[in-house]
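Listed below, chain by chain, are the residues.
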Amino acid sequence: MENVEQQSIGLIEALHSTPARRYLSDSPIDDEILWEILDAAIRGPSGGNSQGWAWLVVKDQAVKNQISEWYREGWNQAYGVRRSKILEGEDAADTLGPKNYLSAEHLANHIQEAPIWIFAIQRNTASSTSPRAGSSIYGAVQHLMLAARAHGIGATLTTLYAGHEGDVKQLLGIPEDALTMALIPLGYPDRGRWSQPKRQAVDEVTHWDRWGQQNQR
Ligand SMILES: Cc1cc2nc3c(=O)[nH]c(=O)nc-3n(C[C@H](O)[C@H](O)[C@H](O)COP(=O)(O)O)c2cc1C
């Protein structure tokens, strides 16, 4: 397990060094630390400061085991069936790449071992047709993952359980009107580094004044 001391780094450095961390140890996370992470998450933005969120912390192993089965089902449908093509670089639709595929596969097989799971839940969304239904919680989810990173705790925003959204809601007693927007497994990283995530270059994805006007800098 990597050094778990609180990491004192600048905000910009943290933004540049917080990839998805999917190799997690099962070492427990202190409740005080968990509380601090949640207290940072709820500082995130929501439309009109509506704060229509709820954070459901799961420690119950039986619950994690059940939902991890549903997660693996989602993994197999979306990615498992394309395994050899992705690993051989022959899947034109793949955006993960072999290294991230293997880390995501590892998480799929071990997600139930992460000591803490947090479901990010948004109220009054179950019958929403808004394409922006999740926009009032994902900022807070990112706060949560950055606060975890400040404590040396790794996280990944996941959704592959969502083929069983109704089952998850029933198992956890989540109100009808709500939807889970993400499951964030948390744990101290076992492998990997706080490295800069690879992305398309800024100039390739930025437009100035009008769509298509690029490379203005
Ligand atoms: C909406 C959404 C859903 C995601 N679902 C999953 C998931 O179910 N499982 C997983 O391992 N990663 C999931 N991810 C994480 C992405 O794969 C990750 O953010 C992306 O590959 C970039 O990773 P990096 O920051 O390490 O480069 C999801 C991310 C988002 C934003």
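Placed above this text is the structure.
From a predicted model like this one, the values you see are computed outputs, not experimental measurements.

Basis of the calculations
- Residues numbered from 1 in each chain as written.
- Predicted model: local features only at pLDDT ≥ 70, side-chain atom pairs only at ≥ 80, totals over all residues.
- Helix = DSSP H or I, 4+ residues; strand = E, 2+ residues; numbered from the N terminus.
- Buried ≥ 20, exposed ≤ 12 C-beta atoms within 10 Å, placed from the backbone.
- Axes fitted to C-alpha atoms, helices over the stretch in contact; angles between N-to-C directions.
- Left-handed = near helix turned anticlockwise from the far one by under 90°.
- Contact = placed C-beta atoms within 7 Å.
- Nonpolar A, V, L, I, M, F, W, Y, C, P; charged D, E, K, R; others polar.
- Pairing = 2+ DSSP bridges.

1. Comments concerning the environment of aspartate 167
Point 1. Tracing the sequence through the fold places aspartate 167 in helix H7 (residues 165-172).
Point 2. Residue aspartate 167 is classed as partly exposed on the basis of its C-beta count, with 13 C-beta atoms lying within 10 Å.
Point 3. Through-space distance from the C-alpha of aspartate 167 to that of threonine 125 is 17 Å; in sequence the pair is 42 residues apart.

2. Section: the packing of helix H2 (residues 31-41) against helix H6 (residues 138-150)
Point 1. Close contact between H2 and H6 brings their axes to 7 Å; oriented N to C, the two are set at 145°. Classified by chirality, the crossing of H6 by H2 is right-handed. For the pair H2 and H6, the contacting residues are Glu36, Ile37, Ala40 and Ala41 in the first and Ala140, His143, Leu144, Ala147 and Ala148 in the second.
Point 2. Across the contact of H2 with H6, the residue classes break down as seven nonpolar, one polar and one charged.

3. As for the sheet that holds strand E4 (residues 179-187)
Point 1. Here we have four strands laid out as an open sheet, ordered E1-E2-E4-E3, and antiparallel in their pairing. With partners counted over all chains shown, the strands left at the sheet margins are strand E1 (53-58) and strand E3 (154-155), one partner each.
Point 2. Where strand E2 (residues 116-122) lies against E4, seven bridges are found, and the strand directions are antiparallel. Within E4, the residue paired with isoleucine 121 across the bridge is threonine 180.
Point 3. Contacts between H6 and the sheet are confined to E1, E2, E3 and E4, with E4 contributing the most and set at about 5° to the helix.

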